[in-house]
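Per-entry structural report
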Amino acid sequence: MRRLLIGYDIGSSSVKATLLDADTGKVVASEGLPKVEMPINAPQKDWAEQDPEMWWEYIIDTTKSIVAKAGIKKGELKAIGISYQMHGLVCVDENHEVIRPAIIWCDSRAVGIGNKAFEELGEEYCLPSLLNSPGNFTASKLKWVKENEPGLYSKIHKIMLPGDYIAMKLSGEIKTSETGLSEGIFWDFKVNGLSEKLLGNYGIDKSLIADVVPSFSEQGKVTKKAAEILGIEEGVPITYRAGDQPNNAFSLNVLEEGELATTAGTSGTVYGVSTKPVYDPKSRVNTFVHVNHRQENPHYGVLLCINGTGILNSWIKKLLGGESVSYPEMNDLAQETQIGAEGLSFIPFGNGVERIMQNQAVGAHMMGLNLLQHDRRHVLRAVQEGIVSSLKYGFDIMKDMGLNLNTVKAGKANMFLSPLFREAFVNMNEVVLELYDTDGAQGAARGAGIGAGIYSGAEQAFAGLEKLSSFEPETSKVEAYKEVYGNWQQALGRVI
Ligand SMILES: Nc1ncnc2c1ncn2[C@@H]1O[C@H](COP(=O)(O)OP(=O)(O)O)[C@@H](O)[C@H]1O
Ligand SMILES: O=C(CO)[C@@H](O)[C@H](O)COP(=O)(O)O
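Rules of the game
Residues numbered from 1 in each chain as written. Chains lettered and ligands numbered in written order. Predicted model: local features only at pLDDT ≥ 70, side-chain atom pairs only at ≥ 80, totals over all residues. Heavy atoms only, no water. UniProt positions renumbered as here; feature names shortened; annotations may be inferred. Helix = DSSP H or I, 4+ residues; strand = E, 2+ residues; numbered from the N terminus. Near = heavy atom within 4 Å. Polar contact = N/O pair within 3.5 Å; in protein donor to acceptor, adjacent residues only side chain to side chain. Areas by Shrake-Rupley, 256 points an atom, 1.4 Å probe, with all protein chains shown as cover. Nonpolar A, V, L, I, M, F, W, Y, C, P; charged D, E, K, R; others polar. Contact = heavy atoms within 4.5 Å. Domains from an automatic or database assignment. Buried area = accessible area lost by both parts, 1.4 Å probe. 1 Å grid on protein atoms, 1.4 Å probe; cavity = no way out; pocket = protein on both sides within 12 Å on 5 of 7 lines; lining within 4 Å. Points joined across faces, edges and corners; volume = space filled by probe spheres on them. Buried < 20%, exposed > 50% of the residue type's maximum accessible area, 1.4 Å probe, protein only. Pairing = 2+ DSSP bridges. Axes fitted to C-alpha atoms, helices over the stretch in contact; angles between N-to-C directions.

Below, the discussion takes up the UniProt feature "domain: Carbohydrate kinase FGGY C-terminal" (unreviewed entry) in the chain. According to UniProt, the feature "domain: Carbohydrate kinase FGGY C-terminal" (unreviewed entry) maps to residues 261–409 in the numbering used here. Across residues 261–409, helical content stands at 30% and strand content at 23%; the span's end C-alpha atoms are separated by 5 Å.

Before going further, it helps to examine the site of ligand 2. Taken together, the neighbourhood of ligand 2 is formed by 14 residues, with Ser-12, His-87, Asp-244, Ser-267 and Arg-355 sitting nearest. Met-86 is positioned with one of its backbone polar atoms (N or O) 2.9 Å from an oxygen atom of ligand 2. Here Asp-244 contributes a side-chain N or O atom positioned 2.7 Å from an oxygen atom of ligand 2. Here ligand 2 loses 94% of its free accessible area of 370 Å² to cover by the protein chains. Its residues assigned to classes, the shell around ligand 2 shows four nonpolar, eight polar and two charged.

Moving on to the side chain of Ser-251. The residue Ser-251 is located in helix α10 (residues 244–251) in this model. Setting aside residues up to four positions removed in sequence, Ser-251 forms contacts with Thr-438, Asp-439, Gly-440, Gly-443, Phe-462 and Leu-465.

The subject of this paragraph is the site of ligand 1. Close to ligand 1 lie 17 residues; Ser-13, Lys-16, Thr-266, Gly-310 and Asn-331 are nearest. Interatomic distance of 3.3 Å between a side-chain N/O atom of Asn-313 and a nitrogen atom of ligand 1. Protein coverage of the free-state accessible area of ligand 1, which is 580 Å², stands at 86%. Broken down by secondary-structure element, the contributors of at least two residues to the shell around ligand 1 are α11 (310–319) and α12 (327–335). Looking at the shell around ligand 1 residue by residue, the class counts come to three nonpolar, twelve polar and two charged. Each of domain 1 (4–252) and domain 2 (306–435 + 469–495) contributes no fewer than three residues to the shell around ligand 1.

Let's shift gears to the domain arrangement of the chain. Note on interface size: it is often stated as the accessible area lost on association of the parts. Assigned domains within the chain: domain 1 (4–252) and domain 2 (306–435 + 469–495). Domain 1 puts 13 residues into the contact, and the matching count from domain 2 is 14 residues. When domain 1 packs against domain 2, close to 1,000 Å² is buried across both sides, 55% of that on carbon and sulfur atoms. It is Glu-37, Trp-105 and Leu-252 in domain 1 that bury the most area against domain 2; as a group they hold 41% of the surface buried on that side. If you look at where domain 1 meets domain 2, you find three residue pairs in polar contact (both at pLDDT 80 or more).

Under the counting rule described, the total for this entry stands at one cavity of 30 Å³ or more. Considering only enclosed or pocket space, the largest cavity measures out at about 60 Å³ in volume. As for the largest cavity, its lining consists of Thr-138, Ile-159, Met-160, Leu-161, Asp-164, Thr-176, Gly-180, Leu-181, Phe-186, Ile-209 and Ala-210.

This paragraph deals with α11. Within α11, the full set of buried residues consists of Gly-310, Leu-312, Asn-313, Ser-314, Ile-316 and Lys-317. Immediately downstream of α11, the backbone of Gly-321 shows phi near 120°, a positive value.

Here we take up the sheet that holds strand β3 (residues 26–33). On the basis of which strands lie adjacent, the open sheet formed by five strands has the order β3-β2-β1-β5-β13 and mixed pairing. Taken across any chain shown, the strands that pair with only one partner, and hence form the sheet edges, are β3 and β13 (238–243). Averaged over all pairs of adjacent strands, the angle between their axes in this sheet comes to 15°, without regard to strand direction. The strands that helix α1 (residues 52–70) touches are β1 (4–10), β2 (15–21) and β3; relative to β3, the one it contacts most, it runs at about 145°. Lying on the sheet, α10 is in contact with β1, β5 (77–84) and β13; it crosses β13 at an angle near 110°.

Our focus in this paragraph is the sheet that holds strand β20 (residues 407–411). Taking strand neighbours across the sheet as the criterion, the seven strands line up as β16-β17-β15-β14-β20-β21-β22 in an open arrangement whose pairing is mixed. Because the sheet does not close on itself, it has two edges, and the strands there are β16 (286–289) and β22 (467–471). Within the sheet, the average angular offset between the axes of one strand and its neighbour, ignoring direction, is 25°. When β16 meets strand β17 (residues 300–306), the two strands line up antiparallel, connected through four bridges. In the sheet register, Val-289 faces β17, and the bridge partner there is Tyr-300. Those strands touched by α10 are β14 (260–264), β15 (268–274) and β17, and its axis lies near 120° from that of β14.

The next point concerns unusual backbone geometry. Leu-33 connects to Pro-34 through a cis peptide bond whose omega is 0°. Positionally, Pro-34 belongs in the loop between β3 and β4 (49–50). With phi around 55°, Asn-192 is a residue other than glycine that occupies positive phi space. Secondary-structure assignment places Asn-192 in the loop between β10 (187–188) and β11 (193–194). In this structure, Ser-283 is a non-glycine residue whose phi angle is positive, near 55°. As for its position among the elements, Ser-283 is in the loop between β15 and β16.

The subject of this paragraph is the environment of Gln-442. As for its position among the elements, Gln-442 is in helix α15 (residues 440–451). With 434 residues separating them along the chain, Gln-442 and Tyr-8 place their C-alpha atoms 7.9 Å apart. Apart from residues lying up to four places away in sequence, Gln-442 is in contact with Thr-18, Leu-20, Val-27 and Asp-437. Within polar-contact distance, the side chain of Gln-442 engages the side chain of Thr-438 at 3.4 Å.

Structure, rendered in structure tokens:
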């Protein structure tokens, strides 16, 4: 009998589900839905909301699809793992019903609240204890609801991160994790528990926060009701959960100091592991609990995030006709132009405030446009080069924090499917890029295998992980991309 694991990845643009054979380490079936990116609603400028029920609907549809493709037999499905878009706020009442749309990671409404708390608590508390400014993360979003929607706030039974919500829908149990609380800036690293000071400053009652379960552990079992809806067996345990960036790192077996992972989905990130509680004094790059963190054996995830990454590429796709043009076609068009897009630069910061810009709403800008010279091919290249330039800007901050940035691992997914994007990434950052045949959903399935005790640890879990290729910087291109970055910095200088 097969031993199967499901991994879910609740992204901002789609939900992916992967069914992994635990013994071969290979994918049996996978699905990503919807096929066109999910909506992100902006009822006001710089707000960003999604309906948690929409995520659940796609969990149902993707599960049904992989179950149908694989023909799962009774007893074969052993465990479920969950990866999710980070820093969101989901509020439920006593009946476990959602009481307002989720305020998601790229929503900027709480920046002022986080800045005020940083001032009041002082950097001498925030930086060594929270490793961040409270910023625009989950705790600040909850404070926003308290201040602006007191009627709704009084109805909140528990708050959750997006993955905690999906786990609740599966198991009926409301739990969270240390990684989750750290990504919400609820976690005090010095006391290894909830930050009483931040909760006190925000006037948030501790009872709103769910109990903590370890990332790799049994965290509840699929209820009869959920099992019937999904078409799987009742009682399957949920044994892994993590935010999508620690999970992306885990998916690539990035668990130890000096190792690095990257991704370029709706957002673009570089994630490094450190055994020391390093932080950026300006919180442009953030430090959270990594999935393998233990108080006695600490592992911190240092995360650079650019909000305006794949979302800019998908925005351009919509402008070019949406369904009538594909991403591979856009990549081909971009490659018809020379490095530098003949002087056209793109500042990609149009998806809310950017952390590397100290939470300023810089906006997206196209600079150096010449109507007689440039066409859509240049725009497509400038978009990809502009995104990589913004990652380079963050890379330099990470270097200043003492991170060793030599080799970076990525899954063959999202913008890393673009040869141009990979070339620009490698040569602008002067790093080796290793591309693996994996993604977040596959990683979450492997995590479930560890949490269920099917794998003794990472070595077994990653036995089936295949490296597809490796890309190295080329001297002539490094020089050309230096110029691209120089132009991009000048363009940025004109808008900040
Ligand atoms: N072949 C491709 N080439 C370049 N970019 C792509 C390609 N396919 C997808 N993308 C980009 O990847 C993004 C989606 O990535 P994904 O990891 O699924 O996002 P999320 O996890 O945020 O839902 C899209 O917005 C798109 O810009
Ligand atoms: O805010 C962050 C990381 O800090 C984002 O990376 C979100 O976690 C959303 O991820 P994607 O939808 O782009 O995968």
